[in-house]
Amino acid sequence: MQIAGLLDLSATGIYFHAISVSITLGFPLAIASLLYKYSRTGDESLLRAARITTIILMINFALGAITGTLVEFGLVQIWSGTLVAIATSAFAPLAAELIAFVMEVALLILFYVTLGKFSAKKSLTIILSYWAFAILSGILITSVNSWLVSPWGTGNLAESIYPFMPDYGPAAMDPSKLLAVKIIMLATGLPLQSVLQDPIAAQKVGILITDPYIALKNPYNISSSIHNITAAIIIGTSIAILAWSYRYYKTKDDRYVKILASFFIPFLVLMILQPTLFGHLMGTSVVEYNPTKFSMMEGAVEQISNPLVSLLAYGNPNHPIMGIKDYENSCELLGNKTLSQIASQYNLTAQSIKQIAGLLNIELSDENLSRVLNITAADVCKQDLSVDLSILPTINVLYYTKIAGGILALLSSLALAGLLYRIPLISPISRAIDKLLGGRKERTILILAVLIALGAATASVLGWYVREVGRKPWTVYGLLYPSELATTVPTAYSLSFLLIAFLIILSVNILGLAAMAYVALNADKVSEYFRELLNKIRGENS
């Protein structure tokens, strides 16, 4: 069955959900900064701005809960093979994330109902606590995705078939059981769902994982979380900047410049740190743990030389950048080693594999098993790399378009900072840009805000595409293909199901985004409505 439609459906859901995640992580920065400034100045317009931003945050939070549920349902129902990961490496992070999510809900409600009633410092403490749990939630979710990108705890299992792969840490998962299941899938053509659908499969096969916290110990997750969370905060805050810039453009009221200036500095700090420090950490992690993805990002079909990239990636400008063809050549190091010989390294024989299949009620013919066990590892290695070669041009172009988006966002941020504050060297350039654009400050600020949001969104969207598609042909890097994780339910592949699912995702997200836009455009009316509603609730409870 063709999985292209399922991949597109999942990508659509995840990208829409990412908008909510970004606002969830980015708006608290603006709200906290507004409150901090309010505590220092007593300016009521800043408190009012914090209240309006919070209302949008609350609508977004509800939308995020709905879209997140859709994404999770899609994960366990469409990609049912991932249930194995959810029950093993992802179990601890996802369980902890539920607690973080509940704390987010409680603290966000507490913040809104007490805003203006509590002192600014108390409100600031509450919103920062909410933000901390939102960030924690993001880190825990990222740790699950990071394990798919870098399956820490599987030791040298991937390296046994792909000589260029790194060692993924101490074995915290039983490699012999993983390999046995993989060989059964190859020999039967069944996806993981069918192989492990027996509710007591774990009892029959044995425990797969020995360390349930292994995803949290993944070194790749450190750089990945910092980079992803910062990107989300930047996107979310850039949406707030765009909204307040639009209000300034429409009204020409200088208090909106004051609102922008109150939270732009922490945003600018993140904008500078993201490509310089955090992006560098992310890049070196890709080099270490995803060698084929790095080659695709750099467009390296064969070995190339790029002193600047090599200096950043390896700390040595003379270090060559390996190409996919070089990795293909390294497949030859495996010689004529067959999957049978690799299996024997993990104490697996044809008989023991058949025994495991029997325990799982899987019919495994001797002919098919023998065919798979006699496949040479070099052939598997080369065949998988041919997929990388086919998508290499796309990954390369999109990666550098992402870089261009990030540069556009950074330069636009610096230019806007020069208009909001007096900054030596930068402010004169910003004023020159303003003059070049016609000398209407409100229009220049809006244009720069649009460029910031556009550049940041481009970098983030394409960055996630490179992250996910760049690890192909695997979903779990070096171990499992997407087709091995897809559902076996035929309905999921039908055009009618896909159209209905797309329609639901689009409807939910468009309605949610329209609600947030309505609040932003009718801030006074909505804020007054919420205030009256809150007073009414308080009156009924008194």
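Residues numbered from 1 in each chain as written. Predicted model: local features only at pLDDT ≥ 70, side-chain atom pairs only at ≥ 80, totals over all residues. Heavy atoms only, no water.

(A) Expanded view of the packing of aromatic side chains. This structure, assessed with the given rule, holds 13 aromatic pairs. The interplanar angle of 50° and the centroid separation of 5.4 Å between the aromatic rings of Phe-264 and Phe-267 together place this pair among those described as tilted. Placement of both Phe-264 and Phe-267 in helix H10 (residues 255-289) is noted, with a separation of three residues, approximately one turn of the helix. For Phe-264, a relative accessible area of 0% gives the class buried. An aromatic cluster is present here, built from Tyr-162, Phe-164, Tyr-327, Trp-474 and Tyr-477 joined pairwise through their rings. The ring of Phe-118 is capped by Lys-122, whose NZ or CZ atom sits 5.7 Å from the centre of that ring. Directly above the ring of Tyr-481 sits Lys-182, whose terminal nitrogen or CZ lies 4.1 Å from the centroid. (Phe/Tyr/Trp six-rings, centres within 6.5 Å; stacked < 30°, edge-to-face > 60°. Helix = DSSP H or I, 4+ residues; strand = E, 2+ residues; numbered from the N terminus. Buried < 20%, exposed > 50% of the residue type's maximum accessible area, 1.4 Å probe, protein only. Lys NZ or Arg CZ within 6 Å of the ring centre and 35° of its normal.)

(B) Local environment of the layout of surface pockets. One number sums up the size of the second largest pocket: a volume of about 380 Å³. In terms of lining, the second largest pocket is formed by 19 residues, of which the most central are Val-84, Ala-87, Leu-196, Ala-201 and Ala-202. Going through the elements one at a time, helix H3 (83-87), helix H7 (192-195) and helix H8 (201-205) are the ones with two or more residues in the lining of the second largest pocket. Of the residues that constitute the lining of the second largest pocket, the class distribution is 13 nonpolar, five polar and one charged. (1 Å grid on protein atoms, 1.4 Å probe; cavity = no way out; pocket = protein on both sides within 12 Å on 5 of 7 lines; lining within 4 Å. Points joined across faces, edges and corners; volume = space filled by probe spheres on them. Nonpolar A, V, L, I, M, F, W, Y, C, P; charged D, E, K, R; others polar.)

(C) Region of the structure containing the state of the cysteines. Enumeration over the complete set of coordinates arrives at one disulfide. Sulfur-sulfur distance for the disulfide between Cys-331 and Cys-381 comes to 2.0 Å. When the S-S torsion is -60°, as for the bridge of Cys-331 with Cys-381, the disulfide is left-handed. In this pair, Cys-331 is assigned in helix H13 (residues 324-331) and Cys-381 in helix H17 (residues 377-420), connecting sequence segments 50 residues apart. One exposure class covers both Cys-331 and Cys-381, and it is buried. (Disulfide = S-S within 2.5 Å.)

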